[in-house]
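Structural features, examined
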Protein chains: 4
Amino acid sequence: MPASYAYLGPEGTFTEVALRTLPEAATRELIPYVSVQSALDAVRVGEAEAAFVPIENSVEGGITTTLDELVAGTPLMIYREVLLSITFALLVRPGTKLSDIKTVTAHPAAQPQVRNWLKTHLPDAVWESAASNADGARLVQEGRYDAAFAGEFAAARYGLEALETEIHDAENAQTRFVLVGRPARPAAPTGADKTSVVLWQRDDHPGGLRDLLGEFATRGINLMLLQSRPTGAGIGNYCFCVDAEGHISDRRMAEALTGLKRICLQVRYLGSYPRADVRPGEVRPPFPGTSDEEFVGAADWVARCQDGRF
Amino acid sequence: MPASYAYLGPEGTFTEVALRTLPEAATRELIPYVSVQSALDAVRVGEAEAAFVPIENSVEGGITTTLDELVAGTPLMIYREVLLSITFALLVRPGTKLSDIKTVTAHPAAQPQVRNWLKTHLPDAVWESAASNADGARLVQEGRYDAAFAGEFAAARYGLEALETEIHDAENAQTRFVLVGRPARPAAPTGADKTSVVLWQRDDHPGGLRDLLGEFATRGINLMLLQSRPTGAGIGNYCFCVDAEGHISDRRMAEALTGLKRICLQVRYLGSYPRADVRPGEVRPPFPGTSDEEFVGAADWVARCQDGRF
Amino acid sequence: MPASYAYLGPEGTFTEVALRTLPEAATRELIPYVSVQSALDAVRVGEAEAAFVPIENSVEGGITTTLDELVAGTPLMIYREVLLSITFALLVRPGTKLSDIKTVTAHPAAQPQVRNWLKTHLPDAVWESAASNADGARLVQEGRYDAAFAGEFAAARYGLEALETEIHDAENAQTRFVLVGRPARPAAPTGADKTSVVLWQRDDHPGGLRDLLGEFATRGINLMLLQSRPTGAGIGNYCFCVDAEGHISDRRMAEALTGLKRICLQVRYLGSYPRADVRPGEVRPPFPGTSDEEFVGAADWVARCQDGRF
Amino acid sequence: MPASYAYLGPEGTFTEVALRTLPEAATRELIPYVSVQSALDAVRVGEAEAAFVPIENSVEGGITTTLDELVAGTPLMIYREVLLSITFALLVRPGTKLSDIKTVTAHPAAQPQVRNWLKTHLPDAVWESAASNADGARLVQEGRYDAAFAGEFAAARYGLEALETEIHDAENAQTRFVLVGRPARPAAPTGADKTSVVLWQRDDHPGGLRDLLGEFATRGINLMLLQSRPTGAGIGNYCFCVDAEGHISDRRMAEALTGLKRICLQVRYLGSYPRADVRPGEVRPPFPGTSDEEFVGAADWVARCQDGRF
């Protein structure tokens, strides 16, 4: 197994910064790839041990290219997640003043985050999209554009300086990244875990989706993401990417997944991994009747009844 | 263990007739008791191997004295059920004509079944209640009353003759009896089984009872009886006697009972036993997603996911 | 309309005592009837303005004769309810001592309430059932039995004295009575009301009853009684008598009943009337989203959407 | 009101072709806009009567830019929908042969649809994204690229010819477009209609989303789209764009929307309009208990009960 992590490049983007927050990243070779697909394929073919890609952000929601890769093709599994707050710096060549800026660039995904700032401070600047925020910085370095929105960390790499930092339209702008590898035994539960699955409905009828969600709800499991994705069978045909609170080794989660497996056309397990948004001590306790102890106790009771010892 | 069956006496009632339809009754001493309570207590204290008592009929619904005995006290278990069609004969001393009849008697439970017949044929006869239908026949034999409604089979025992037979107001009048013993390993599933439980809600809130029933419904289990009984904690406090289609060894039933055990204040298992109303071949197949094979397959899949082999 | 109330007699029973707690009873002639059926028939044929009968008690649960009369036949409606705490006195002829008592009598419904007291204080006394507690007292007066369990208020009427009072096995022993009349506009809501209905399922399938109860649950309506009663179509065929918190003029109740009417084979409305167990100020507020204001506001919003004004 | 329709330009794209299938388009001036946002803003400020934009396709699912515009800002309403099958032609300058093609271009959304075709027929061609498929054709005309994937209809406009037609990776590739205007009274129901809403949950708890979907499910309403979109309140905070079968003037839909309005934090109505996928005669009948007649009949019954006439 190669000791390398693929990630969505180029170097110097938020993705790389997020990846480097993982302790294990320090001991791997980190290799940028040009697309989510190519990074995940590197894992599939064994070129990389795992791939690090964005999966959800607070402006765009679920990142469909990543979800679609996880939904289809050779199964992969999420090992870890990272949350990164996203704020932009306005990077310019040294000496550039705000009044000098006629053109700005960044990845299109940055646009919703800087739109209001632009309206206020650079109402006449022309926006041009770049392939990535890092690439935008490079194009400023080359003189193609006057300024780029990028992470402040990108300034040094491209010999630029930050005219402004902490630019963000939405408070709490965050991107969630996942480290994705080949199927393996999930990491041990930490007490604050998340489980990801993809669900395909058996058939389409009133209440079908409600019943799927009921498998989580009746066991007191909260959902954190529900993202529909086309199945490829034509318009109106969707599967559902679901993130749910808890670990597959929790009894309530195991039973919910068993129920889904029974009633769905197909279920794809995408892994159970530590939550990045809370620490174990901050997770609220299970709802009455849904703790592991209660599941075990109830199953024991049924076994005793089956055996005539009640 | 005494090789005797207690039953709700006296001799010569529908209960005895129903009991004698059980093959195993031929090899036991059958002992009449004066009440459901005393028959069941005979089992509790070890005087009898099992007790045979009515539990439900098509006119009265659940028979509360039997249900209340099963709900409270030392746990008992239902081993078998018997369904008996109930039609009455009008028993008189030989030579009595219809026009001679001024007084009629029977157990009060017979009254709703013969009321219309009486209105038509004996509108002026005075009704007096008897302790049992057999006792009514005895009182006719003794000359206390002119006629008794009882099973036709009672005529010979009391030296009476049947002026009329097949009397019943309601079509399909049936009584359901159960053979009750001490807790034991339930009989093996036959493919057409019933499971009885008593459920106590954890607390009283909108949707509480709906959620209990949901444990059966979401697993495709049909209910055959839902009878509320007071808990003794004051008016408005009820527990629920439930008969559900299936056997505790069915995966769907075992999981439903596990769920109920988790969310209820208390669950009392009353047994799984062959249904008397249908034969195994007549039972409809499990709903999609609820067969044993699907439960086992889904649980295996979850186990493989937990193990990283998916 | 005759200014009289029929009630389940004879005089001197708990029923009469409960009836007299109603202010309007003071202005009516109160006429005892020999059975629940005859009292209700008196209303049906116009002999009485209303009938007062027991409907539920904390030992027996729903009183089936009353429920069955309300379920079938010409529709009637519940106007009022009364709760009465039930404690017994041991009535004897003056001069009788406890040690003199060889036989005791009362209505069979009293037996569960005095059983423990009897075991302790009169373990050898022989029990004989009477047609009513008042009738038992009369039989003691006549010398047929040594003692009767009845309400203390019955002593004077039959020239007896109470050897012991406040006899009751269960704490909180209560009986609930209802004043039943012909269908009429329900009394105005008080803020603490109850609505009674009878529900017949359209067909029998897993989840059928759960879905009926869901019409209440999804609108935040708590249930206070759920009593199954045979439909007369054979064993296992039940309808359900339901008492629910709230008044038919509450929006949430009106919508729940509309939903039930749509999905049930049949619904019989039995009335909305003030609760006897709590006062208006003690009722908990409606669940979020279920107040009249929220219903009206939401319906207005839909009307505006239908009209293009949103 | 200006008699013009804005649409997502440029001219010569699938959007324009879809728009021209609407009879009313023949009587309006059709004005291309550079983005979904600018087309919808033209409606908001009164520059255009309505705007025509893509909202969902069988490869990408919900089109997030369109959904996000409908979710936020000044309310708009969907008047009509159009379904268009999407197949691509490979457009080249006259005389170009397949073996001459080194570079290809198209809008990025076309890429998933032609990827397999490219792998097979032009494995070495370099892909460059264009701002639109029409713009890609224009760039081929200008000689910037060798070939463009676009609708066959674009060939004539740009003086190109189609080397290949009917290119599509997925069978049944379709895009759904909507005509969006200012809030107005919805078009009359046709018998085959769709209603679109946006739902914001009141709070996040297990079963919250299930309960929202239950408002549709319990009234027999099928869902056709459920697309989560970020609320802007930080990662993990979503609202839900829902398309449901039926018209707001259907009783079941009106009641479902009333229920959602009560239990949601916020509901935005996006319109009721004829379905493009089926004709009125092809729609399955309402589920038992959910027809307009049954709603009206049930409401009438409740009104009679409230009035004492039952």
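Residues numbered from 1 in each chain as written. Chains lettered and ligands numbered in written order. Predicted model: local features only at pLDDT ≥ 70, side-chain atom pairs only at ≥ 80, totals over all residues. Heavy atoms only, no water.

Where an unreviewed UniProt entry is consulted, chain A appears under the name Prephenate dehydratase, with the organism given as Streptomyces toyocaensis. UniProt annotates chain A under Subunit (unreviewed entry) with the comment "Homodimer." Of the comments in the UniProt record for chain A, the one headed Catalytic activity (unreviewed entry) reads "prephenate + H(+) = 3-phenylpyruvate + CO2 + H2O". (UniProt positions renumbered as here; feature names shortened; annotations may be inferred.)

**Focus: the overall build of chain A**
Looking only at helices and strands, one finds 9 helices and 15 strands in chain A. Taken along the three principal axes of its C-alpha coordinates, chain A extends 85 × 45 × 40 Å. Counting the 310 residues in chain A, one finds 55% classified as buried. Summed over all atoms, the accessible surface of chain A reaches about 12100 Å², with 50% contributed by carbon and sulfur. Taking the 30 positively charged and 40 negatively charged side chains of chain A as two groups, their mean positions are separated by 4 Å. (Helix = DSSP H or I, 4+ residues; strand = E, 2+ residues; numbered from the N terminus. Buried < 20%, exposed > 50% of the residue type's maximum accessible area, 1.4 Å probe, protein only. Areas by Shrake-Rupley, 256 points an atom, 1.4 Å probe, with all protein chains shown as cover. Lys, Arg positive; Asp, Glu negative; His and termini not counted. Charge placed at Lys NZ, Arg CZ, Asp CG, Glu CD.)

**Digging into the domain arrangement of chain A**
A common way to state how big an interface is: give the accessible area lost once the parts meet. Residue and element names in this part refer to chain A. According to the domain assignment, chain A contains domain 1 (1–86 + 173–184), domain 2 (88–167) and domain 3 (186–309). With centres defined by C-alpha atoms, the gap from domain 1 to domain 2 works out at 25 Å. Contact residues are listed per partner, giving 11 residues for domain 1 and 13 residues for domain 2. Carbon and sulfur atoms make up 67% of the area that domain 1 and domain 2 hide from each other, which totals about 930 Å². Our count for the contact surface shared by domain 1 and domain 2 stands at 2 salt bridges. Looking at the side of domain 1 that touches domain 2, its residues break down into 6 nonpolar, 2 polar and 3 charged. (Domains from an automatic or database assignment. Contact = heavy atoms within 4.5 Å. Buried area = accessible area lost by both parts, 1.4 Å probe. Salt bridge = Lys/Arg side-chain N within 4 Å of Asp/Glu carboxyl O. Nonpolar A, V, L, I, M, F, W, Y, C, P; charged D, E, K, R; others polar.)

**Thoughts on the sheet that holds strand β8 (residues 126–129) of chain A**
Residue and element names in this part refer to chain A. On the basis of which strands lie adjacent, the open sheet formed by 5 strands has the order β8-β7-β9-β6-β10 and mixed pairing. This sheet does not close on itself; its edge strands, each paired only once, are β8 and β10 (161–167). Neighbour-to-neighbour, the strand axes of this sheet turn through a mean angle of 25°, independent of strand direction. This element, helix α5 (residues 133–141), spans β6 (88–92), β7 (103–106) and β9 (147–150) of the sheet and lies at about 155° to β9. (Pairing = 2+ DSSP bridges. Axes fitted to C-alpha atoms, helices over the stretch in contact; angles between N-to-C directions.)

**Overview of the interface of chain D and chain A**
The interface is formed by 48 residues belonging to chain D together with 48 residues belonging to chain A. Each partner contributes to the roughly 3100 Å² buried at the junction of chain D and chain A, and carbon and sulfur atoms together form 54% of this total. A per-residue breakdown of the area chain D buries against chain A is headed by P206, R210 and I235 of chain D, which together make up 22% of the total. Taken together, the connections running from chain D to chain A amount to 0 salt bridges.

**A few points about the packing of helix α8 (residues 251–263) of chain A against helix α9 (residues 292–306) of chain B**
Following both chains from N to C, one finds α8 of chain A and α9 of chain B inclined at 125°, their axes separated by 8 Å at the closest point. Taken as axis vectors, α8 of chain A and α9 of chain B run oblique relative to one another. With respect to the hand of their crossing, α8 of chain A and α9 of chain B are arranged in right-handed fashion. Where α8 of chain A abuts α9 of chain B, its residues A254, L257, T258, K261 and R262 of chain A lie against E294, F295, A298, A299, W301, V302 and Q306 of chain B. The residue inventory of the contact of α8 of chain A with α9 of chain B, partitioned by class, reads 7 nonpolar, 2 polar and 3 charged. (Parallel < 35°, antiparallel > 145°, perpendicular 65-115°, else oblique. Left-handed = near helix turned anticlockwise from the far one by under 90°.)

**Remarks on the interface of chain D and chain C**
Listed as interface residues are 32 residues of chain D and, on the opposing side, 32 residues of chain C. Buried area between chain D and chain C, both sides added, is near 3100 Å², and the carbon and sulfur share of it is 63%. A per-residue breakdown of the area chain D buries against chain C is headed by R262, W301 and F310 of chain D, which together make up 25% of the total. In this assembly, chain D and chain C are joined by 7 salt bridges. At the boundary of chain D and chain C, one finds 8 residue pairs in polar contact (both at pLDDT 80 or more). With 8 residues, helix α9 (residues 292–306) of chain D is the single largest residue contributor to the side of chain D that touches chain C. Across the side of chain D that touches chain C, the residue classes break down as 18 nonpolar, 6 polar and 8 charged. (Polar contact = N/O pair within 3.5 Å; in protein donor to acceptor, adjacent residues only side chain to side chain.)

**Things to note about the relation of the copies chain D and chain A**
By a simple turn and slide, chain D fits onto chain A: the slide is 0.0 Å along the axis, the RMSD is 0.2 Å, and the turn is 180°. Expressed as an axis order, the relation between the two copies is that of a two-fold axis. Identified as the residue of chain D closest to the rotation axis by C-alpha distance is R210 of chain D, at 2.5 Å. Interface overlap between copies: 100% of the residues of chain D at the interface are likewise at the interface in chain A, consistent with a symmetric, same-surface contact. (Least-squares fit on C-alpha atoms with pLDDT ≥ 70 in both.)

**With respect to the arrangement of the chains**
One thing to see here is that chain A and chain C don't touch, and their nearest C-alpha atoms sit 12 Å from each other. Nothing in chain B touches chain D; the tightest C-alpha to C-alpha distance between them is still 12 Å.

**Quick notes on the sheet that holds strand β15 (residues 264–274) of chain B**
Residue and element names in this part refer to chain B. Here we have 4 strands laid out as an open sheet, ordered β13-β14-β12-β15, and antiparallel in their pairing. With one partner strand each, in any of the chains shown, β13 (223–230) and β15 form the two edges of the open sheet. Across the sheet, the mean angle separating the axes of adjacent strands is 15° when strand polarity is ignored. For strand β12 (residues 193–201) and β15, the ladder comprises 9 bridges, and the chain directions are antiparallel. What sits directly across from Q201, in β15, is C264.

**Quick look at the pattern of salt bridges**
All names here are of chain B. On inspection of all chains with the given rule, the structure shows 102 salt bridges over all chains. The shortest N-O distance in the salt bridge between R219 and E255 comes to 2.7 Å. Here E255 lies in helix α8 (residues 251–263) and R219 lies in the loop between α7 (208–217) and β13, a separation of 36 residues in the sequence. In this pair, the class of R219 matches that of E255, namely buried. Close ionic contact of R309 with D307 constitutes a salt bridge, the shortest N to O distance being 2.8 Å.

**A look at the packing of aromatic side chains**
All names here are of chain C. Considering all chains together, one arrives at 24 aromatic pairs over all chains under this definition. Here the aromatic rings of W117 and F149 are separated by 5.9 Å at their centres, their planes lie at 85°, and the arrangement is edge-to-face. A residue pair is termed long-range when its members are at least 10 positions apart, and W117 in helix α4 (residues 111–121) and F149 in strand β9 (residues 147–150) qualify at 32 residues. As far as the burial class goes, W117 and F149 line up, both buried. (Phe/Tyr/Trp six-rings, centres within 6.5 Å; stacked < 30°, edge-to-face > 60°.)

**Let's talk about the pairing of strand β12 (residues 193–201) of chain C**
Residues and elements named next belong to chain C. A large share of β12 lies buried, amounting to 9 of its 9 residues. The pairing of β12 with strand β14 (residues 238–245) spans 6 bridges and is classified as antiparallel. Bridge pairing links S196 to D243 in β14.

**Topic: the relation of the copies chain D and chain C**
The transformation that overlays chain D on chain C combines an axial shift of 0.0 Å with a rotation of 180°, and the residual RMSD is 0.1 Å. Of the interface residues in chain D, 100% have counterparts in chain C that sit at the interface too, so the contact is made through matching surfaces.

**Section: helix α3 (residues 64–71) of chain C**
Looking only at α3 of chain C, the buried set comprises T66, L67, E69, L70 and V71 of chain C. Positive backbone phi, at 80°, marks G73 of chain C, one or two positions downstream of α3 of chain C.

**Considerations on the environment of L70 of chain A**
Position of L70 of chain A among the secondary structure elements: in helix α3 (residues 64–71). Among the residues examined, L70 of chain A registers a relative accessible area of 1% and is labelled buried.

**Focus: the UniProt feature "domain: ACT" (unreviewed entry) in chain A**
UniProt's entry tags residues 197–274 of chain A with the feature "domain: ACT" (unreviewed entry), counted in the numbering of this structure. Helix makes up 29% of residues 197–274 of chain A and strand 41%, with an end-to-end C-alpha separation of 15 Å.

**Brief notes about the pairing of strand β9 (residues 147–150) of chain B**
Residues and elements named next belong to chain B. What you see with β9 is no split at all: A147 and F149 on one side and A148 and A150 on the other are buried throughout. Across 4 bridges, the pairing between strand β6 (residues 88–92) and β9 is antiparallel. Pairing of L91 across the sheet is with A148, part of β9. Bridging between strand β7 (residues 103–106) and β9 involves 2 bridges; their strand directions are parallel.

**Regarding the side chain of D135 of chain A**
Residue and element names in this part refer to chain A. By the secondary structure assignment, D135 is in helix α5. A polar contact is formed between the side chain of D135 and the side chain of R138, at a distance of 2.6 Å. Non-local contacts of D135, meaning those with residues more than four positions away in its chain, are made with P10 and A130.

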